[in-house]
Amino acid sequence: MATPTRSLISLILCSSIQLLATPPSPRFTIDGNPVFGSFAYTWEIDELRQALDSGINLVFCYRRDASNQLLAPNTEMGRLILEHKAKVMANLCFGAGGTFLAENISADATTIQLNRRAPRKGPGTFWIGAEAIRFESCKEGRLEGCQRGWNGTTASPHPKRLHVVHEEPLKKAVLKIKDSPNLWGYWTMDDKRGNQRDALRHVYRIVKETDVDDEGTPAPHVVVAGMSTPDALTNFDANTCDMAGIYIYPGHRNAYHTTMAGEQLKEMLATMRRRSPDTPFMGIYQAFTAPNWKPTPKPLQVRKQVADFAHFGAAALLASSWRLVEGAEALRDLPDLRAEVTQIAVDLAAGQIVLDQSSPEYPVRANAMPDLDALSPVLSFDHIPADTTFTINKDVLTTKLAPGPDGAQWLHLRFAEYADDAPQWPSIVLDGERLEIPQDWSGSGWLVLEVHNYLPVESEIGVTVRDSRGTPFWAQYLPLPAGRTSHVYAPASVLGKTVSLADVGRLTLLMRRPPIATHLAVRGLTLAPARFKRTKTGRTLSTQAPVPPGVDAHTGDPCWTTAPVLELQDATLAIPPLQPVTARIVRTGTTLYFLVESTIRDRKPLVASTTPDGAWEATDDTIEIILRNPQNGMWLRHVANSADLATTRIFQGNSVEARLLPSQSASRITDSAWFLEASFELEALDAGNTTKLELNIRRHDRQLGPLVWAKDDHLPEGIIPVGVLALRD
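Criteria and cut-off values
- Residues numbered from 1 in each chain as written.
- Predicted model: local features only at pLDDT ≥ 70, side-chain atom pairs only at ≥ 80, totals over all residues.
- Heavy atoms only, no water.
- Core = buried A, V, L, I, M, F, W, Y, C linked by side-chain atoms within 4.5 Å.
- Buried < 20%, exposed > 50% of the residue type's maximum accessible area, 1.4 Å probe, protein only.
- Helix = DSSP H or I, 4+ residues; strand = E, 2+ residues; numbered from the N terminus.
- Contact = heavy atoms within 4.5 Å.
- Pairing = 2+ DSSP bridges.
- Axes fitted to C-alpha atoms, helices over the stretch in contact; angles between N-to-C directions.
- Polar contact = N/O pair within 3.5 Å; in protein donor to acceptor, adjacent residues only side chain to side chain.
- Salt bridge = Lys/Arg side-chain N within 4 Å of Asp/Glu carboxyl O.

Q: Whenever I open this one, the nonpolar core confuses me. Can you help?
A: Considering soluble globular proteins, one finds that nonpolar side chains tend to be buried as a cluster. In terms of nonpolar packing, the biggest core is built from 72 residues, with Phe-36, Trp-43, Leu-48, Leu-70, Tyr-186, Phe-281 and Tyr-285 touching the most fellow members. Per element, the largest residue contribution to this core is 6 residues, and it comes from helix α6 (residues 197-210). With residues near it in sequence (within four places) discarded, Leu-48 still touches Trp-43, Val-59, Leu-70, Met-77, Leu-80 and Ile-81.

Here it is, written out as structure tokens:
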């Protein structure tokens, strides 16, 4: 049973969702209820009963043996599914998920080497690109006796790593389960594994042709393809699935990224609308923890993921996961998250959370995220032959290693020809084998890529930094002035929280502004000292106060009634902040005074240490005030918790060394709010004659992430002043 406070928080979130749009009835239901399911590595009867009793009405299982039991109505688990009027999504990932060409093949090749020992025997039919190939036998993954251009298709050359589909096993799997009363649909892709779009199209076609009744009428079962990142959508279009399964896991590498779901959904939905405006999506939220996926989401964080998915128009919701492999904990093992999921199911049934809403409209920025194709060449700085030519999406690229503007060896890239009808702007992947960077981030502020534009006109480039597994973790787009060397800065203050330098595996460059010919030269990544990137995104005025307030965290001083009020915001902007935070600033002579009020709506107390052990700044709920003097680069950082622990540090320019100042601040907690009052002398920043300072104010919530006054899209997690405080008499 939910506590009154828990119910109030749920009502606030659910009401926020409902006010955003007037939704139609959901297109996808199970027994008249919204689709609310869960993944699992495998299921056992007690776990299945636990999930169904918690409101889950759709289950998925990675293990084929357990999945078959769920689908069979004559088994114990199959009968339980029937009794609860639940459904099963079958696993067909083998269809397009793992077998690809091990080498380039010509149009007349009669033996074809695959990457794995599949199939085990012949004869059979493979689909590669738009071509069907009939083979007689298979040995050690080598197809022999191939008849090219089978069944009226055209024999064509195909590149290495192109994914293929074996038709007969896929048809057999569908025929075995298609008539199960427990079947809801099919899961056909578990994230991107390369160039799979053609393979997914064939899987979708084969499933639809096979899953029919005796009269040939297609069954209503839903084909879902999983996508976890914007670049995974290179495998998506209207002919690959009925529904996209979008999963975004904010808790990973020991940091919880509160803004991740909302911001990444904006990018992915823009791409989806461009390719298939009417295809719905399934929102898959994180409800687990694993060695590389920590910390464990808190109940309110799970609800916020659900709120973001619902706000952006999800047609179904699934949890990941109920049970995972050994070493990971999921809903089966996490009773607080399980209770939250149960309450969400209640809210869905009551109509307090509504699925299949009209998604808010965001501008579709063409090619805002590179639509990377596996056919784009992967080049290593150490293994590039001279004057190599590639054809990328109909655009001709020439590469070579040659002296750059400083005489050292740079990688030169020339796009001499652009095709007007190319499906995307040209891109290239650079392998990071030669990135010899120290493993220690300390003292470094930026990961830097140098790019030189040899053209007499301005060009533009997009850069994505990826880890050793190919997952993107930072991207930036910037203009390249004519005839100059530019620097792309990836902030170490952000990346260092979630990725080590050993993980920097490769770069992706996206050439922009066709049809201008391009000649660029790039050099490997280096580390640069910390420095500030000034971004003006907020502005306020300090108010002169004839009588200074007392620094006691009380609001009764007359100056606070006339001071301007600043409202901090949730960087996702998907729903109103759960905990509104405001700030006020006044000035008396050379002293600045701040009053910050943070509304308390948590069901648990604020996290506040009472011993200054040096770790509380990273573990507690805190309020942070940052001021920087742009004239001399000096900056001040004040951090305080609700137990009156506070530190004030002064930094000089790029130095990572700081000196401590006596902290003048006080905290006070009431039943509804936390108040912080603090004062700072302008002399501490040598700002006696300064007319303005750079400013930011943050409320770090250890459950929900940061709220900020001045939002910076480029550095949402960086400790960078981004607002402007005008000092006026």
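Continuing now.
Q: Just to check I follow, could you spell out the pairing of strand β13 (residues 183-190) for this structure?
A: Two faces belong to every sheet, and in a regular strand the side chains alternate between them. In terms of residue burial, β13 counts as a mostly covered element, since 7 of its 8 residues are buried. One ladder, built from 4 bridges, connects strand β5 (residues 87-91) with β13; its direction is parallel. Within the sheet, the bridge partner assigned to Asn-91 lies in β13 and is Trp-187. When β13 meets strand β14 (residues 222-227), the two strands line up parallel, connected through 5 bridges. For Trp-187, the partnering residue across the bridge sits in β14 and is Val-224.

Q: What am I meant to see in the sheet that holds strand β8 (residues 131-135) here?
A: Whether parallel or antiparallel, the strands of a sheet pair through hydrogen bonds between backbone atoms. An order of β11-β8-β7-β12 is seen for the 4 strands of this open sheet, with the pairing classed as antiparallel. Edge positions in the open sheet fall to β11 (147-150) and β12 (164-166), since each of these has one partner strand only. Taken over all neighbouring pairs, the strand axes of this sheet differ in orientation by 30° on average, direction set aside. Note that β8 and β11 share 2 bridges and pair antiparallel.

Q: I'm lost on the environment of Thr-210 in this one. Help?
A: Turning to its location among the elements, Thr-210 is positioned in helix α6. A relative accessible area of 10% places Thr-210 in the buried class. Separated by 36 residues in the primary sequence, Thr-210 and Val-174 have C-alpha atoms spaced 6.9 Å apart. When sequence neighbours within four positions are dropped, the list of residues in contact with Thr-210 reads Lys-171, Val-174, Leu-175 and Lys-178. Within the structure, the side chain of Thr-210 is placed 2.7 Å from the backbone oxygen of Ile-206, a separation counted as a polar contact.

Q: Mind showing me how you'd approach the pattern of salt bridges here?
A: Any two side chains of opposite charge can pair if their charged atoms end up close together. This model, assessed by the stated rule, comprises 19 salt bridges. As a salt-bridge pair, Glu-340 and Arg-303 come within 2.6 Å of each other at their nearest N and O atoms. On the criterion of sequence distance, the pair formed by Glu-340 in helix α9 (residues 335-349) and Arg-303 in helix α8 (residues 299-311) is long-range, its members being 37 residues apart. On the accessibility criterion, Arg-303 (2% relative accessible area) is buried. Across the pair Arg-303 and Asp-347 runs a salt bridge, and its minimum N-O distance is 2.9 Å.

Q: Honestly, unusual backbone geometry in this entry has me stumped. Any pointers?
A: Leave glycine aside and you will find that most residues have negative phi; peptide bonds, for their part, are mostly trans. Following Lys-294, the chain continues into Pro-295 via a peptide bond in cis, with omega recorded as 5°. Mapping Pro-295 onto the fold places it in the loop between β18 (281-286) and α8. In the segment running from Ser-320 into Ser-321, the intervening peptide bond is cis, with an omega of 10°. Secondary-structure assignment places Ser-321 in the loop between β19 (316-320) and α9. Phi at Glu-140 takes a positive value of approximately 55°, unusual for a residue other than glycine. Examined against the element boundaries, Glu-140 turns out to sit in the loop between β9 (137-139) and β10 (142-144). Residue Asn-151 is not a glycine yet carries a positive backbone phi of 60°. Within the element layout of this structure, Asn-151 appears in the loop between β11 and β12. Residue classification places Asn-151 among the exposed residues on the basis of a relative accessible area of 62%.

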